[in-house]
Amino acid sequence: MKGLSPLDIKLLRDIWHMRGQAIAVGIIVACGVAIMVMALGTLSTLSASRDAYYERYRFADVFTSVRRAPESAAARLRAIDGVQTIETRIVRLVILRIPDVEEPANAQIVSLPDTGESILNRIVLFSGRYPETRSPDEIIISNAFAEANGLQTGDAIEAVMNGRLRALTIVGIGDSPEFIYALGPGSLMPDDRLFGIFWMRRQALEAAFDLDGAFNSVSLTVAPGTDTALVIDQVDDVLAPYGGTGAIDRSDQLSNAFVESEMNQLKTMARIIPAVFLAVSAVLIHSILNRLIQTERQQIGLFKAFGYSRREITWHYLKFAIAITAGGVLAGFALGFILQNLITQLYAETFRIPDLTWRIDSFALFASALAALGSAIAGSMSAALGAAKLSPAEAMQPAPPVNYHQGWLRYILQMRWLDEPTRLILRHLFRFPARTAANLFGIAAAVALLVSTLFSFDAIDTIMEQMFFRTNAHDAAITFFEGRNDTALSELSRLPGVMSAEGVRDIPASLEAGHRSERVGITGLPADAQLRRILSADGRYVDIPSTGIVLSSQLADMLHVTTGDLVTAHFLDATRPVVDLPVTAVVDEFVGTPAFMDLQTMNALLDQPPTISGAYLKLDPLAQAAFEESVIERPGIAGVSLRAAAIDSFEETLQETIYIMMSIYAVIGGAIAAGVVYNAARISLTERGRELASLRVLGFTHHEVGYILLGELALVALVGIPIGCIGGIALAHLIATAMATELYRIPVVVNPSTLGVAAMIVLFSSTIAALFVVRRVRSLDLIAVLKTRE
Amino acid sequence: MPASKSDKQTSGQTDILMEGRGLERTFITGEVSVHALRGVDISLKRGELVVLLGHSGSGKSTLLNILGGLDRATAGTLHFDGHDLTHASDDELTRYRRRSVGFVFQFYNLVAGLTAKENVSLVTEIAKSPMKPEEALELVGLGNRVQHFPAQLSGGEQQRVAVARAIAKRPQILFCDEPTGALDSQTGIRVLEALDRVNRELSTTMLIITHNVGIGEIADRVLRMQDGLIIEETAPKRRLKPSEISW
Ligand SMILES: Nc1ncnc2c1ncn2[C@@H]1O[C@H](COP(=O)(O)OP(=O)(O)OP(=O)(O)O)[C@@H](O)[C@H]1O
Ligand SMILES: [Mg+2]
């Protein structure tokens, strides 16, 4: 042991002696660090891989669609100041027929230039080749779709293009940065089996959709330092006459927005959850160190008498905290790598980014180590300084006897039915209020952490209940290629299995209130809509008023308006009217930031005969197959989504991600509770071992002594659990607010059963930890305590 | 002589309450083994007060711990009131201590968090037919210190609380290991008076360990230990009152 000072050797012995507690703290630190490493590491992996992907495959900056614009308009777009590269395309939804797949599947077909590769949003080709220039039916398909359906190059797939069934040949499999997160029409979660991306030569698409010499989609990049908003305004001006629906930048591009929102969630997680762990570990370190210093008073006095300085003593005890924490940090790194790898694999299934594999992120390591050590020092500073401040003469005296007072507690303790062990528990509990508070905090934090993560299940249930049962009472949603008149609806009603049909019209618009403006889709619903309904915040159905506009609460918040205020709507379709509309109601929606209007009023404003862009259908469950068979042959239909399939994919996707995350949280929430209880029980045992051994001598059984040791903790748990429930709900609100994006928001719903589960996990893990300590009661040395004065 | 002694000769009960035969105890620490007891024969009669003397390290505490069920002999047999304690389990020893034994140690071993009365109640609660805690405290002359915490009592008072705690459950046998060791002579005598009174009034069998030869004069019998063996047994002609001795 050359080179180690005697103090350091003492430090190592202390740690070895208290290894159980050191491990308990280490585990909690490790959990906090692991989550931080996982969240920050995944975040940086995700963002680095995405950025590299965007860069390398030239993800565009601005996107827009038009009904039909002549190629000549492209030159005017190119002339806009700040536009760097521009590519016009044809993009269309088609219905697919896949062997062995019953539900209607969709593909988004994107055009490739007639020769060579795209300029923007280029394809990363995993296998096969590009379609031949002249070939009218060769396609590249997206990787996820190919995997989900077991398709390979050389296979054929049937698509309904403009009402005609065409056999397409797969010649390549690839992905593009535009579709990292590929969401089908009317879907909430990616369903790789039922939605894919196809790339086809432009010529073939022009022919198939009667778009010779025209385009319906544009993507472009802007020169560095250019104000994208200005470019967007000019693009909209150029394309307005051709039915432009308003350009968007990357932040509104669906796939990118989902990636961003996931990254936002990781950021929130990295910020809030490790903080809970590190706060608990700091409190634990504080109580361990306080206890250690109390037992080492006389040694400290001796050290000071020898001439050790205050700083050396402070540093000595800080080192104790740092050493324990450092162990936890290293374990946290290892655990974090495992979790990061696990989460990255999950992400790689949802987010189609090539080379999305975990790598060590030095910033995550650095940040989490810093946070852990910082909290350890914060937790240990006051105890260490207290030790350094002891005067040598005073310290070498034995600690003054613990002075119990009767105080107000007397009134409680005088109650007849209390037995002496219980009195002892209560007195001890109130004798050390700081320690009791620390234990209370630890238990409450464990419960709170569990509640604030497990509530996601309740939130998802609420979202599903509202989305799939309360607001959407339809079985199928139909999207048309373009606005159709009423006859389309009656045609649909006549399809086999259709019991009722309601039209719907989605119009892109920009809403303005004061200096705020948001690009949204306004949904027109019939006055007596039954298949798509809206709900007020208190869960009542809201009828759509014949005038004005109904906003979702998120949108109302974003525009800072409420019922009765006026908003200016710039409709981005048809006659592009600009009208002031009163907000007639604010409703509760979890997905997106929708706005609703009466369909008739909307059509009147747009100065058009009754037009719909889609329909909701109620189906006869027995005739569903017949319906699916016939609907895909109808012309003009771009997409069909079935509610049953949507529910399936929603649940399936969640099972994979959320359930894994939740199990991780359940385990580590339990770890906190176990660590807190183990530590508290150990401190109690060392402090009162003598007393407890004396009781054993007097004939108290192991159980009775165990009761005195743990009764205190049981009481703390009893009080800590409800406090933790309340704290957990508050934390859930914090997390939900931090994670809400324009894509969705998380309702804070906490079912009593969730509180129960959190409490059970904490009780269970506490009990296990407590039993570990109680075992030691058996090995108390009865004779040793009799030999020595305290 | 306490009158109770002859009364105890009832049917089925022998005069002997506790008996150890050939008791050995070897401590093995690392490579060294210490033979603390080398074959002790001891019997304690009902109601008698026995003082055990001996040099430091002679094995007195070791013997007391074994008799009191705190430790186990390496060899030998041990009987208490007709029960064989030689192979008693941990739980059986706990029950033995709980029902039949009282202890008084040199260092009081009171529970700091409980008042004098509560320290006594601690034992009476788990006893079968205990006296009232107040009564026990009265018996040791502490009727006016009932609500005090240990930290608020003097050493002698604390030791008397310990005696009260030990006798409150009316144990059949009381083991005292240097009960006056930490006290001055005057205070020590008050503690001995308490013990003497309990022995006379409740006819509790007592084994008192001490270094103090003078204390032997209050006993019915005095045993002397040396090197793990009892080497001498004497019976004073007249058992003195504690107030009649001094050291
Ligand atoms: N736990 C133990 N481990 C090892 N040796 C022990 C242990 N307890 C006692 N001894 C040894 O056994 C011998 C007898 O000890 P014991 O405590 O019975 O002596 P004692 O007569 O009570 O002495 P004193 O008057 O000093 O209390 C001593 O040599 C002691 O060192
Ligand atoms: Mg001794």
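Calculation criteria
- Residues numbered from 1 in each chain as written.
- Chains lettered and ligands numbered in written order.
- Predicted model: local features only at pLDDT ≥ 70, side-chain atom pairs only at ≥ 80, totals over all residues.
- Heavy atoms only, no water.
- UniProt positions renumbered as here; feature names shortened; annotations may be inferred.
- Helix = DSSP H or I, 4+ residues; strand = E, 2+ residues; numbered from the N terminus.
- Buried < 20%, exposed > 50% of the residue type's maximum accessible area, 1.4 Å probe, protein only.
- Areas by Shrake-Rupley, 256 points an atom, 1.4 Å probe, with all protein chains shown as cover.
- Lys, Arg positive; Asp, Glu negative; His and termini not counted.
- Charge placed at Lys NZ, Arg CZ, Asp CG, Glu CD.
- Pairing = 2+ DSSP bridges.
- Domains from an automatic or database assignment.
- Contact = heavy atoms within 4.5 Å.
- Buried area = accessible area lost by both parts, 1.4 Å probe.
- Salt bridge = Lys/Arg side-chain N within 4 Å of Asp/Glu carboxyl O.
- Axes fitted to C-alpha atoms, helices over the stretch in contact; angles between N-to-C directions.
- Parallel < 35°, antiparallel > 145°, perpendicular 65-115°, else oblique.
- Left-handed = near helix turned anticlockwise from the far one by under 90°.
- Near = heavy atom within 4 Å.
- Polar contact = N/O pair within 3.5 Å; in protein donor to acceptor, adjacent residues only side chain to side chain.
- Phe/Tyr/Trp six-rings, centres within 6.5 Å; stacked < 30°, edge-to-face > 60°.

As recorded in an unreviewed UniProt entry, chain B goes by ABC transporter ATPase and comes from Hyphomonas jannaschiana VP2. What UniProt states about chain B under its Sequence similarities (unreviewed entry) heading is, verbatim, "Belongs to the ABC transporter superfamily. Macrolide exporter (TC 3.A.1.122) family."

Chain A is annotated in an unreviewed UniProt entry as ABC transporter permease of Hyphomonas jannaschiana VP2. Annotation of chain A in UniProt includes, under Sequence similarities (unreviewed entry), the sentence "Belongs to the ABC-4 integral membrane protein family. LolC/E subfamily."

### A closer look at the overall build of chain A
Along its length, chain A carries 22 helices and 22 strands. When burial is assessed residue by residue, chain A has 58% of its 790 residues classed as buried. When the accessible surface of chain A is split by element, carbon and sulfur atoms take 58% of a total near 32700 Å². Charged side chains of chain A number 63 positive and 79 negative; the gap between the two group centres comes to 14 Å.

### Points about the sheet that holds strand β11 (residues 248–249) of chain A
Spatially, β2-β10-β1-β11 (chain A) is the arrangement adopted by the four strands of the open sheet, whose pairing is antiparallel. Single-partner strands in this sheet number two, and they are β2 (83–89) and β11 of chain A.

### Structural notes on the domain arrangement of chain A
All names here are of chain A. Domain annotation of chain A identifies domain 1 (58–252), domain 2 (420–471 + 646–790) and domain 3 (498–619). Summarising the inter-unit geometry, the C-alpha centres of domain 1 and domain 2 are found 53 Å apart. Taken together, the contact pairs five residues of domain 1 with seven residues of domain 2. Taken together, the two surfaces of domain 1 and domain 2 that pack against each other cover about 480 Å², and 73% of this comes from carbon and sulfur. When the buried area of domain 1 at its contact with domain 2 is split by residue, Leu188, Met189 and Asp191 rank highest and sum to 80% of it.

### Examining the pattern of salt bridges
It is possible for side chains of opposite charge to pair when their charged atoms get near one another. Residue and element names in this part refer to chain B. On inspection of all chains with the given rule, the structure shows 38 salt bridges over all chains. In this structure, Asp220 engages Arg239 in a salt bridge whose closest nitrogen and oxygen atoms are separated by 3.2 Å. With a gap of 19 residues between them, Asp220 in the loop between β8 (205–209) and β9 (221–226) and Arg239 in the segment after β10 (229–234) connect regions that are remote in the sequence. Classification of Arg239 by relative accessible area gives buried; the value is 12%. The network of salt bridges with common partners includes Asp196, Arg200, Asp220 and Arg239.

### A short note on the packing of helix α7 (residues 254–295) of chain A against helix α9 (residues 310–350) of chain A
Residue and element names in this part refer to chain A. Two elements in contact, α7 and α9, have axes separated by 12 Å at closest approach and are oriented at 155 degrees. Between α7 and α9, the angle falls in the class roughly antiparallel. Pair α7 / α9 crosses with right-handed handedness. Contact residues: α7 offers Glu262, Leu266, Ile285, Ile288, Leu289, Leu292 and Ile293, while α9 offers Tyr317, Phe320, Ala321, Thr325 and Tyr347.

### Brief notes about the site of ligand 1
Lining the immediate environment of ligand 1, one finds 14 residues, of which B:Ser56, B:Lys60, B:Ser61, B:Thr62 and B:His211 sit closest. Around ligand 1 the close residues trace back to chains A and B. The backbone of B:Ser58 places a nitrogen or oxygen atom 3.2 Å from an oxygen atom of ligand 1. Protein chains bury 68% of the 630 Å² of accessible surface belonging to ligand 1 in isolation.

### Focus on the packing of aromatic side chains
This structure, assessed with the given rule, holds 12 aromatic pairs over all chains. Ring plane angle 65 degrees and centroid distance 5.6 Å describe the contact between A:Phe145 and A:Phe198, whose orientation is recorded as edge-to-face. Taken together, the residues span a long stretch of sequence, with A:Phe145 in helix α4 (residues 143–149) and A:Phe198 in strand β9 (residues 195–201) at a distance of 53 residues. Judged by relative accessible area, A:Phe145 falls into the buried class, the value being 1%. Look at A:Phe198 and you get buried, because its relative accessible area is 0%. Summarising the aromatic geometry, the rings of B:Phe103 and B:Phe105 are spaced 5.3 Å apart at their centres and angled 15 degrees between planes, so their arrangement reads as stacked. Given the relative accessible area of 6%, B:Phe105 is considered buried.

### Comments concerning the UniProt feature "domain: ABC transporter" (unreviewed entry) in chain B
With numbering matched to this structure, UniProt assigns "domain: ABC transporter" (unreviewed entry) to residues 18–245 of chain B. Taken as a whole, residues 18–245 of chain B contains 29% helix and 29% strand, while its terminal C-alpha atoms sit 28 Å from one another.

### Here's the deal with the pairing of strand β13 (residues 498–513) of chain A
Residues and elements named next belong to chain A. The element β13 is largely enclosed, with a buried count of 12 among its 16 residues. Here β13 runs beside strand β14 (residues 516–525); their pairing, made up of nine bridges, is antiparallel. Residue pairing in the sheet places Leu511 in a bridge with Glu518 of β14. The antiparallel pairing of β13 with β14 creates a hairpin that spans two residues between the two strands, and Gly514 there sits at a positive phi of about 60 degrees. Relative to strand β18 (residues 566–571), β13 is paired through four bridges, and the arrangement is antiparallel.

### Observations concerning the UniProt feature "transmembrane region" (unreviewed entry) in chain A
Residues and elements named next belong to chain A. Here the UniProt feature "transmembrane region" (unreviewed entry) sits at residues 21–43, 269–289, 320–343, 363–388, 437–457, 658–681, 713–735 and 755–774. Across residues 320–343, helical content stands at 100% and strand content at 0%; the span's end C-alpha atoms are separated by 34 Å. In residues 437–457, helix accounts for 100% and strand for 0%; the two terminal C-alpha atoms are 31 Å from one another.

### Describing the sheet that holds β10(B)
Residue and element names in this part refer to chain B. The strand order across the open sheet built from six strands is β6-β7-β8-β3-β9-β10, with neighbouring strands paired in mixed fashion. The sheet terminates laterally at β6 (101–104) and β10, the two strands that pair on one side only. Taking the axes of each pair of neighbouring strands and ignoring which way they run, one obtains an average angle of 20 degrees across the sheet. For β6 and strand β7 (residues 173–177), the ladder comprises four bridges, and the chain directions are parallel. By the bridge assignment, Val101 is partnered in β7 with Ile173. In the packing of helix α6 (residues 155–167) onto the sheet, the strands contacted are β6 and β7, and the crossing angle to β6 comes to about 175 degrees.

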